[in-house]
Amino acid sequence: MGASSAFHSSRNSASAPPSFLLSIRGGANEYEAKFEGVKASVIEKAANKIEEARRKIVDEGTIIPDFGAKADAICSAAIEEFAKSAPSEAEGSASSSAYARKLQELESSLDAPLQVLYLRQLTLLREQALSSYKSASKASDASDYEAMLAADSQFLRAAESSTRKSSSWTYEADRSHLQSIMSEFATTHKKLTETQVKSSQQQSTAMQFLQHQQQMIQQLQMQLYGQSSPWNVGVAYRIPDTNFNLQGSYQQGRANLQLSCVPDEYAPMLGPNGFTNGVGPGNLGLSLNLSI
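These numbers come from a predicted model, not from an experiment.

With reference to specific residues and values, describe the overall build of the chain.
In terms of helices and strands, the chain carries seven helices and four strands. Mapped from its N terminus to its C terminus, the chain presents α and β elements in the order α-α-α-α-α-α-β-β-β-α-β. Counting across all 292 residues of the chain, residues that qualify as buried make up 23%. When contacts within the chain are restricted to residue pairs at least 6 apart in sequence, those whose partners lie at least 24 apart make up 69%.

Here it is in structure tokens:
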């Protein structure tokens with residue numbers, strides 16, 4: 001009996017966990033909770049600055065100069081505040097691991113919303129550069145290639161200043177998209193210009209053809225009727241107390257005489273003899289046209 005009791009006692013004491021392991025686990029969890037509280041407080045303070053930037057970029061559509069440096073400043077200030085406010089009594093690998101993990105979570109929590117604003121700012125920068133390219137290509141005699149280089153340089157400078165130095169942010173996709181849009185616009189503009197030039201050439205050719213035809217007609221008229229006169233004269237006369245109207249014309253060296261019977265509907269209103277009994281302004285019309 002004594003040996004059996006001793007055996008069970010030794011086995012129970014060997015299987016029980018040491019007391020120092022429990023103390024380490026409890027301390028690590030305690031410090032991790034403290035780190036989490038400090039992290040939440042730091043994020044709440046930094047969120048005010050991020051919200052201010054969001055209102056400018058998203059709501060107002062305003063480009064923030066040097067956004068990358070300002071984003072770095074927000075993250076650096078938060079990390080420094082976390083380092084100052086975090087409990088420093090912790091010792092051992094467990095507490096150090098919790099500290100490093102919470103510090104990484106803090107930076108990731110701040111970097112994510114800032115990167116969203118960064119992508120939105122890149123869109124604004126791309127639209128601004130594209131507008132500058134279109135204005136430059138229309139307002140000056142510079143080639144589309146030079147306007148594209150100027151717009152690309154403008155976007156590159158602004159995108160560089162908007163990027164965090166210590167991050168994985170990149171603007172290459174937006175830059176490629178901008179270059180693609182400008183290339184398509186330049187191609188469309190070139191085709192439109194070529195179409196306008198071709199249409200103008202066709203109109204010029206048509207005008208030259210019509211002028212040539214007109215000259216040929218004039219030459220044929222000169223051959224048939226001789227040198228044409230620059231005088232164009234037309235005469236119209238209504239014979240008094242009759243419905244006969246006599247018209248004569250002289251145009252391009254040819255004379256034409258026409259007699260027509262046209263009732264005068266207004267004769268009763270002018271009296272039995274009209275205005276006069278002879279040739280006067282009431283029954284005589286004269287037109288003269290001189291071509292030089």
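Tell me about helix 3 (residues 67-85), and name the residues and values.
Between its terminal C-alpha atoms helix 3 stretches 27 Å, which fits the 27 Å expected from 19 residues at 1.5 Å a residue. Three or more residues of helix 3 are buried, namely Phe-67, Gly-68, Ala-71, Asp-72, Ile-74, Cys-75, Ala-78 and Phe-82. On an axial view of helix 3, the arc spanned by its buried residues comes to 155°, and they lie on one face.

Can you break down the side chain of Gln-121 residue by residue, with the values?
Positionally, Gln-121 belongs in helix 4 (residues 93-139). For Gln-121, a relative accessible area of 0% puts it in the buried group.

How would you sum up the packing of aromatic side chains? Please name residues and give values.
Applying the stated criterion across every chain yields a total of six aromatic pairs. An angle of 15° between the planes, with centres 6.3 Å apart, marks the rings of Phe-67 and Trp-169 as stacked. Here Phe-67 is found in helix 3, whereas its partner Trp-169 is found in the loop between helix 5 (144-162) and helix 6 (172-225), with 102 residues between them in sequence. Note on accessibility: Phe-67 and Trp-169 belong to one class, buried.

So what's going on with a nonpolar patch on the surface? Residues and values would help.
Taken together, the side chains of Ile-239, Phe-244, Leu-246, Leu-257 and Leu-259 make up a nonpolar region of the molecular surface, amounting to roughly 470 Å² of accessible area. At the level of secondary structure, the elements contributing two or more residues to the nonpolar patch comprise strand 2 (244-251) and strand 3 (254-261). Here Ile-239 is to be found in the loop between strand 1 (231-238) and strand 2. Taking the relative accessible area as the measure of exposure, Ile-239 reaches 34% and is therefore partly exposed.

Quick rundown of the nonpolar core? Include the residues and the values.
Residues Phe-67, Leu-114, Tyr-133 and Phe-155 are the most contacted members of the largest nonpolar core, which totals 38 residues. Listing elements by their share of this core, those giving two or more residues are helix 2 (19-59), helix 3, helix 4, helix 5 and helix 6. Among the elements that line this core, the one with the most residues is helix 4, at 12 residues. Once you skip the residues sitting within four places of it in the chain, Tyr-133 turns out to touch Asp-144, Ala-147, Met-148, Ala-151, Met-182, Phe-185 and Ala-186.

Break down unusual backbone geometry for me, with residues and values.
Although it is not a glycine, Asp-66 adopts a positive phi angle of roughly 55°. You can see Asp-66 is positioned in the loop between helix 2 and helix 3. Residue Asp-66 is classed as partly exposed on the basis of its relative accessible area of 45%.

Explain the environment of Tyr-99 residue by residue, including any values.
Within the element layout of this structure, Tyr-99 appears in helix 4. Taking the C-alpha atoms as reference, Tyr-99 lies 9.7 Å from Lys-34; in sequence the two are 65 residues apart. Not counting residues up to four positions away in its chain, the partners in contact with Tyr-99 are Phe-35, Phe-82, Ala-83 and Ala-86.

Describe the confidence of the model for the chain, listing the residues and the values that go with them.
This prediction gives the chain a mean pLDDT of 76; 72% of its residues lie at or above 70. A low-confidence stretch, residues 1-27 (pLDDT under 50), is modelled with zero contacts involving residues beyond four sequence positions or located in other chains. Predicted confidence is poor over residues 275-279, with pLDDT under 50, and the contacts of this stretch with residues over four places away or in other chains come to eight contacts.

Describe in detail the pattern of salt bridges, supporting the description with residues and values.
Inspection of every chain in the model, using the stated rule, returns 12 salt bridges. Lys-45 is the salt-bridge partner of Glu-81, the closest N and O atoms lying 2.8 Å from each other. Of this pair, Glu-81 sits in helix 3 while Lys-45 is found in helix 2, placing the two residues 36 residues apart along the sequence. Residue class for Glu-81 comes out partly exposed when judged on its relative accessible area of 24%. Glu-107 is paired through a salt bridge with Arg-164; the nearest N and O atoms lie 3.7 Å apart. Of this pair, Glu-107 sits in helix 4 while Arg-164 sits in the loop between helix 5 and helix 6; the two residues are 57 residues apart in sequence, bridging distant segments of the chain.

Which residues make up the side chain of Lys-102, and what values do they have?
Structurally, Lys-102 is set in helix 4. Its relative accessible area of 8% is what places Lys-102 among the buried residues. For Lys-102, the side chain forms a polar contact with the side chain of Glu-36, separated by 2.5 Å. In this structure Lys-102 touches Glu-32, Phe-35, Glu-36, Lys-39 and Phe-82, once residues within four positions along its chain are discounted.

About the cut-offs
- Residues numbered from 1 in each chain as written.
- Predicted model: local features only at pLDDT ≥ 70, side-chain atom pairs only at ≥ 80, totals over all residues.
- Heavy atoms only, no water.
- Helix = DSSP H or I, 4+ residues; strand = E, 2+ residues; numbered from the N terminus.
- Buried < 20%, exposed > 50% of the residue type's maximum accessible area, 1.4 Å probe, protein only.
- Contact = heavy atoms within 4.5 Å.
- Expected span 1.5 Å × (residues − 1).
- Arc of directions from axis to C-beta.
- Phe/Tyr/Trp six-rings, centres within 6.5 Å; stacked < 30°, edge-to-face > 60°.
- Patch = residues over 30% accessible without salt bridge, like charges linked within 9 Å, V, L, I, M, F, W, Y side chains within 5 Å.
- Areas by Shrake-Rupley, 256 points an atom, 1.4 Å probe, with all protein chains shown as cover.
- Salt bridge = Lys/Arg side-chain N within 4 Å of Asp/Glu carboxyl O.
- Core = buried A, V, L, I, M, F, W, Y, C linked by side-chain atoms within 4.5 Å.
- pLDDT = per-residue confidence, 0-100.
- Polar contact = N/O pair within 3.5 Å; in protein donor to acceptor, adjacent residues only side chain to side chain.

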